[in-house]
Amino acid sequence: MKTRALYLTAAALTAAALAVPLWGFAMSAPQYPDETLHLQIARTGIGGDVHEVETLQQYIGVRFPTDLPELKWATRGIATLVALLLLAAFTPSTPFGRAYRVLCAAAVFLLLFASAVAMQQRLYRVGHERDRNAPIRAVHDFTPPLVGPVKVGNFTVWSFPHLGAVMLLTAFGLSVLGLRGTRDFIQRSDGRLSDLVRKGAA
Amino acid sequence: MKRHPFILVLVTVAATVAVVQTFGCGAARSARSIAAEKVYVPPGELDKYVAFLSGGQSGSVFVVGIPSGRLIREIPIFEPRAAYGYAVHETDPRRKLLEDTGGLWGDTHHPMLSEKNGVFDGRYLWINDLANARLARVRLDYFEADRIIKIPNLQGAHGIAVVSPDTKYIVVNGEFEQPTDGLVTNPAPYTSVVAYVDPESMEVKFEVRVNGNIDIADTSKDGRYSFSTVYNLEQGKDMGSMIQYDRDAVAAIDIPMAETLAAAGKGTVRNGVPILDPAEHAGLLTLIPVPKNPHGVNVTPDGKYAIAAGKLSPTVTIIDAHTLKIVAEPEVGLGPLHTTFDDRGNAFTSLFLDSQVVKWNIAKAVGGASDYIVDRINVHYNIGHLQAVGGDTVHPMGDYLLALNKLSKDQYVPVGPDMPENQELIDISGEKMKMLASFPTPPEPHDATFIAASVLKPIVKQVYTPTDDAVQAGRESVVRTGPHSVAVNMTLIRSAYTPDSFEVREGDTVTLKVTNVETIRDMIHGFALPDHNLNIALPPGYTKTITFDAGKPGVYWYYCTNFCSALHLEMRGRMVVQPKDATVTLTDWHAAENVKGQVVAGVPSTGDKQ
C-alpha cells in the first residue's frame, strides 16, 4: 500500500505540474527597483510581465518566443508519465512489476532530462538568434543557464525551476523511492535475470 | 624678565581663544550635525510624511517630503501646466472649465485632507481658489484634481475646513462681502456667506449668511459647529473703517441646525443654493466677541477649545468649543495668526510681527497660570501659517512643525528682487523647539497639511486601468469622419507612436484620441505638436482626446516630451497637412489593414471629390 501511495502521489504531482508554472525567470535592473520583472513558463505558454519584457527586448533584438513546440511535447510527455505512474501504482511487486517500475523511473528521468536539454537549447536560441538591426548593439549574445544568473545589458536574469518543475522532480524522487527493495530482491535472486523472470512467472 | 608677566597673559589669552575656538565650534558643529541628521533622507530612502503646501498665486499644490523638505511634485489645479499636459490646449475640457469658472489662474490657500474618525484617511485633498471663489478636490490615489466647482453667491473663497470627524462637508468662507441679494443697486449693507459643500458630489448644499468678512475656518471635533473668524463687523469699505470696532467675532454656526433648516426649505434659494439667514433662526449663528480683526481659528485635538488668534492684538482667545464661552485670553506675542498643536497639550502660535513661533501650554493658560509660555523660537521671516504634523486631527504626532514664512531675506543666495518663499522645519519633540532646516518653494505657500507616507502607500496608484474607450494596440486608425474632420486613434509605447504619420488637409478639425499602452509605472509619454499649442502628458494606461485645427500646410513632427527610453529622441511622428486645394488622395490608415498594405474605405478624403 505504501508503494501504491507513493506512485499515486507521484502521478498526482505530475498531473498537477500541468496546471502550474514549470520554470521561472526573474529579471532585475536598476530601472525597476522593487519590481523585478517575472516570466513563468507553463504548459499554456509564457506568462507574467510579458508586455513589459516584449517592450524592452526590441532594444536588443531579442525575439520573444511566441511559438513553443517544446511545450506541446512536454505536455504530451507529462500526460504519458501520469498514465505510467498510475499504472505503476497498481502494478504488483512481481519481478515484472518491479522491472516496469524501474522503466517508469527511467521514463520520468528521461522526460526531465530531455526537457532540460530542449529548454537549454531554446535559451541559447533566445540569446543568439537576435535581430542584428536592433537599436542597441552593445549587448553581446548570451545564454541564460537553466538555473542561475546571466547578465544581459543592464539586466540580471535569473532562471530557476518553478513549482511545476519542483513537482516533477519530487515525482521523480517518489518513483525512485518506489524502487526500494528492488535491489534486495535482485540480490536474493543472485542477480540473475532469469531467476527474476522465473520467479515472476511463478 | 620684566616681560614675563606680559608673555604669560598673552599665552593665557591665546590658549583660551584656542580652546573656545576648538570646543565652541565643535559644539556648534555637533548641534548642526544633529539637526542635519534629523532631516537627512539618503538617496533611495523615503520621507516619513508628505506635506501638501498650497501654491498660492501659482494656483497649484506643492507636495514636499518631510523631514527632507524635498519638493516631490506639483499638482496643477487652477493654472494650465504644460509640463503635466494640464489644461494646455484651448479645446481641453479642463481648460474650458477653468475659463468658465473664473480664469486660468488661481490663488490657493488652504489644503485640507479628508478625515475618518478625526484622522486623515488619504482619500481627498480640497483646496480653495480665493480669487475666483472655486473649490477643487484632489484625488490622492492619482494625485490629480478631479473636481473643480464655483461656489455661488460668494466672493473671495478664503478659509476652508473639513467638518470633523468624518468629512461631512467642506466649509468655505466668503471673505469679500457682496450685495445681499446680488444686486449692486441694493443700498443695504453688503454681506457674505459660509458655504457647506458635499465632499462626494461637490454640490453646495446650503449657505449661511454672515455679516462681515469671513476669514479662516475650522470645525469642532464632533461636527456640531463650524468656526469662522470674522473681521470688519463695521462693514466698512476701506481700510480705515474696517478697524473701528474694538471687537470682531468668531462665528459659530450650528451645522445640524443649518442642515435641518435647509432640508425644511427655510432658505432663500439663490443660484440653486438655499441661503439661511441667522436673523430668522435664533441659535443658528453665535457671534463670539474677540479682539478686532482676528485671523486664524483652530480647534484643539481634544475638541475642548477653539483658539482664535488676535493678529492686531497680542492675544489668543480660548473659546469653549461646546458652550461657546470665552475661557481665557492670554498674551502670546506680537501678531498672532495661527495655532497648531502637539500631542502633549501644547499649542504653537505663529507670531507674524515677532517672526517667532511661541509654544504655550493650553491647560495652564486656561487655568490662569502665569508660566503658560513654554518656549519661543525665531523664524526667518514674517511667519504666516504654521502646521504641526497631525495638528488638525485628534492624534497630533508631536514631532515636526512647519513654519510657512512670507519672506526669506538673507536665507538664500540673492536671485533678483523676487526671492523664494521660505519654509522652516522645527523639531517639536522636546520641551524646547529646535530649528532643523529650511527649504524654498516658488510663490507662495499659505498653509500646509501632512499625511503619513504609510497612509498614502496603499492608496496611491501609478498606472491607470484603461477605460472602455481606450485605443488598443493593433486597433489604431486614422479615419476621415467628414469633409473637414479627421479622427486619429493613436497608441504610445516605448519608443513609437502608432500611427507614426498621418495626413490631413488645411481646414480640417483633427480629433486625436491617444492612449499610453504602457503597463509599467512612471513610463509617461508626451505628445507635443509644434505650432499647435499642444502638449499632452499621458501616464501609463491613460487616454486623452483632444480636438485641434490642422493649421497651415506643412509637416509637423509630433514628439515625446517626457523622457522615456534610449530611443526617446527617436519617438516621433509626422502630421502632414496638405493644402486645402490639394488633389492628392489622402491615405486613411488603419493598423491591421496597413500591415497588409490596404487602404481603408471611408469618407472620401480628396478635396476635389467632396
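Residues numbered from 1 in each chain as written. Chains lettered and ligands numbered in written order. Predicted model: local features only at pLDDT ≥ 70, side-chain atom pairs only at ≥ 80, totals over all residues.

*Asks:* How do you make sense of the overall build of chain B when you look at a structure like this?
*Replies:* When helices and strands are counted, chain B shows 6 helices and 41 strands. Here chain B holds 610 residues, and 47% of them are scored as buried. (Helix = DSSP H or I, 4+ residues; strand = E, 2+ residues; numbered from the N terminus. Buried ≥ 20, exposed ≤ 12 C-beta atoms within 10 Å, placed from the backbone.)

*Asks:* Please explain the overall build of chain A as it appears in this structure.
*Replies:* When its secondary structure is counted, chain A shows 7 helices and 5 strands. Across the 202 residues in chain A, those meeting the buried criterion constitute 28%. Long-range contacts, defined here as pairs at least 24 residues apart, represent 63% of the contacts in chain A between residues at least 6 apart. (Contact = placed C-beta atoms within 7 Å.)

*Asks:* I keep staring at unusual backbone geometry and nothing clicks. Help me out?
*Replies:* Backbone geometry follows two general trends: most residues other than glycine have a negative phi, and most peptide bonds adopt the trans configuration. Residues and elements named next belong to chain B. Ser164 connects to Pro165 through a cis peptide bond whose omega is -5°. Note on placement: Pro165 falls in the loop between strand E8 (155–162) and strand E9 (170–176). Cis geometry marks the peptide bond from Pro443 to Glu444, where omega comes out at -15°. Checked against the element boundaries, Glu444 lands in the loop between strand E29 (434–441) and strand E30 (448–452).

*Asks:* Honestly, the sheet that holds strand E5 (residues 119–129) of chain B in this entry has me stumped. Any pointers?
*Replies:* As a general point, the strands of a sheet are linked pairwise by backbone hydrogen bonds and lie either parallel or antiparallel. All names here are of chain B. Read from one edge to the other, the open sheet built from 4 strands follows the order E4-E5-E6-E7, with strand pairing classed as antiparallel. Looking at which strands have only one partner, the edges of the open sheet turn out to be strand E4 (112–116) and strand E7 (144–150). Between one strand axis and the next, the sheet turns by 30° as a mean value, whatever way the strands run. When strand E6 (residues 134–139) meets E7, the two strands line up antiparallel, connected through 6 bridges. When the bridges of E7 are listed, Arg134 appears paired with Lys150. (Pairing = 2+ DSSP bridges. Axes fitted to C-alpha atoms, helices over the stretch in contact; angles between N-to-C directions.)

*Asks:* Looking at this model, I keep getting lost on the environment of B:Pro442. Mind explaining?
*Replies:* All names here are of chain B. Structurally, the position occupied by Pro442 is in the loop between E29 and E30. Look at Pro442 and you get partly exposed, because 16 C-beta atoms sit within 10 Å. Along the chain, Pro442 and Asn422 lie 20 residues apart, while their C-alpha atoms are 9.2 Å from each other.

*Asks:* Where do I start with the sheet that holds strand E2 (residues 60–66) of chain B in this structure?
*Replies:* Residues and elements named next belong to chain B. Pairing is antiparallel in the open sheet, where 4 strands are placed in the order E3-E2-E1-E30. Lying at the two open borders of the sheet, with one neighbouring strand each, are strand E3 (71–76) and E30. On average, adjacent strands in this sheet sit at an angle of 25° to one another, irrespective of strand direction. As paired strands, E2 and E3 are joined by 5 bridges and run antiparallel to one another. Residue pairing for E3: Ser60 is matched across the bridge by Pro76.

*Asks:* Would you take a moment to explain the domain arrangement of chain B for this structure?
*Replies:* As a measure of interface size, the accessible area lost when the parts come together is often cited. Residues and elements named next belong to chain B. Under the domain assignment used here, chain B contains domain 1 (49–456) and domain 2 (477–609). Put simply, the middle of domain 1 and the middle of domain 2, counted by C-alpha atoms, are 45 Å apart. Across the boundary between the two partners, domain 1 contributes 8 residues, which contact 9 residues of domain 2. Here the residues of the side of domain 1 that touches domain 2 sort into 3 nonpolar, 3 polar and 2 charged. (Domains from an automatic or database assignment. Nonpolar A, V, L, I, M, F, W, Y, C, P; charged D, E, K, R; others polar.)

*Asks:* I keep staring at the confidence of the model for chain B and nothing clicks. Help me out?
*Replies:* Residue and element names in this part refer to chain B. For chain B, per-residue confidence averages 91 on the pLDDT scale, and residues scoring 70 or more make up 91% of the total. In the model, residues 595–610 has pLDDT below 50 throughout and makes 28 contacts with residues more than four positions away in sequence or in other chains. Across the assembled chains, the prediction reports ipTM 0.79 with pTM 0.87. (pLDDT = per-residue confidence, 0-100.)

*Asks:* How should the interface of chain A and chain B be read in this particular structure?
*Replies:* Taken together, the contact pairs 6 residues of chain A with 6 residues of chain B. Residues of the side of chain A that touches chain B, tallied by class, amount to 3 nonpolar, 2 polar and 1 charged.

*Asks:* Explanation requested: the nonpolar core in the structure shown.
*Replies:* Grouped burial of nonpolar side chains is what soluble globular proteins tend to show. B:Val250 and B:Val357 are the most contacted members of the largest nonpolar core, which has 153 residues in total. When residues of this core are assigned to domains, at least three map to each of domain 1 (49–456) and domain 2 (477–609) of chain B. (Core = buried A, V, L, I, M, F, W, Y, C linked by C-beta atoms within 7 Å.)

*Asks:* I'm lost on the packing of helix H1 (residues 2–17) of chain A against helix H3 (residues 69–89) of chain A in this one. Help?
*Replies:* Packed helix pairs are characterised by how far apart their axes lie and by the angle those axes make with each other. All names here are of chain A. Where H1 meets H3, the axes come as close as 8 Å, and the angle between the chain directions of the two elements is 165°. What the angle tells us is that H1 and H3 run roughly antiparallel. Seen along the crossing, H1 lies across H3 with a hand that is left-handed. Counted together, Arg4, Tyr7, Leu8, Ala10, Ala11, Thr14, Ala15 and Ala17 of H1 and Ile78, Leu81, Val82, Leu85, Leu86, Ala88 and Ala89 of H3 form the full contact between these two elements. Among the residues forming the contact of H1 with H3, the class breakdown is 13 nonpolar, 1 polar and 1 charged. (Parallel < 35°, antiparallel > 145°, perpendicular 65-115°, else oblique. Left-handed = near helix turned anticlockwise from the far one by under 90°.)

*Asks:* Help me understand the environment of A:Gly164 in this model?
*Replies:* Residues and elements named next belong to chain A. Structurally, Gly164 is set in helix H5 (residues 163–177). Taking the C-alpha atoms as reference, Gly164 lies 14 Å from Leu39; in sequence the two are 125 residues apart. With near-sequence residues (within four places) excluded, Gly164 lies in contact with Ala17, Val20, Pro21, Leu22 and Ala42.

*Asks:* Is there a simple way to think about the pairing of strand E12 (residues 213–219) of chain B in this case?
*Replies:* For a regular strand, side chains alternate in direction, first toward one face of the sheet and then toward the other. Residues and elements named next belong to chain B. Taken across its 7 residues, E12 has 7 buried, putting it largely inside the fold. Looking at chain direction, E12 and strand E13 (residues 225–231) are connected through 5 bridges and run antiparallel. Within the sheet, the bridge partner assigned to Asn213 lies in E13 and is Tyr231.

*Asks:* When you look at the pairing of strand E22 (residues 336–341) of chain B in this model, what are you seeing that I'm missing?
*Replies:* All names here are of chain B. Counting buried positions along E22 yields 6 of 6 residues, so the element is predominantly enclosed. With 4 bridges joining them, E22 and strand E23 (residues 346–351) adopt antiparallel strand pairing. Within the sheet, the bridge partner assigned to Thr340 lies in E23 and is Phe348. A loop of 4 residues connects E22 with E23, the two strands running antiparallel in sequence, and Gly345 in this loop sits at a positive phi of about 80°.

*Asks:* Please explain the packing of helix H4 (residues 95–128) of chain A against H5(A) as it appears in this structure.
*Replies:* Residue and element names in this part refer to chain A. In the contact formed by H4 and H5, the axes pass within 9 Å of each other and the chain directions differ by 155°. Comparing the axis directions of H4 and H5 gives the class roughly antiparallel. The two elements H4 and H5 cross, and the hand of that crossing is left-handed. In contact with Cys104, Ala105, Val108, Phe109 and Leu112 of H4, H5 contributes Leu168, Ala171, Phe172, Ser175 and Val176. Partitioning the contact of H4 with H5 into residue classes produces 9 nonpolar, 1 polar and no charged.

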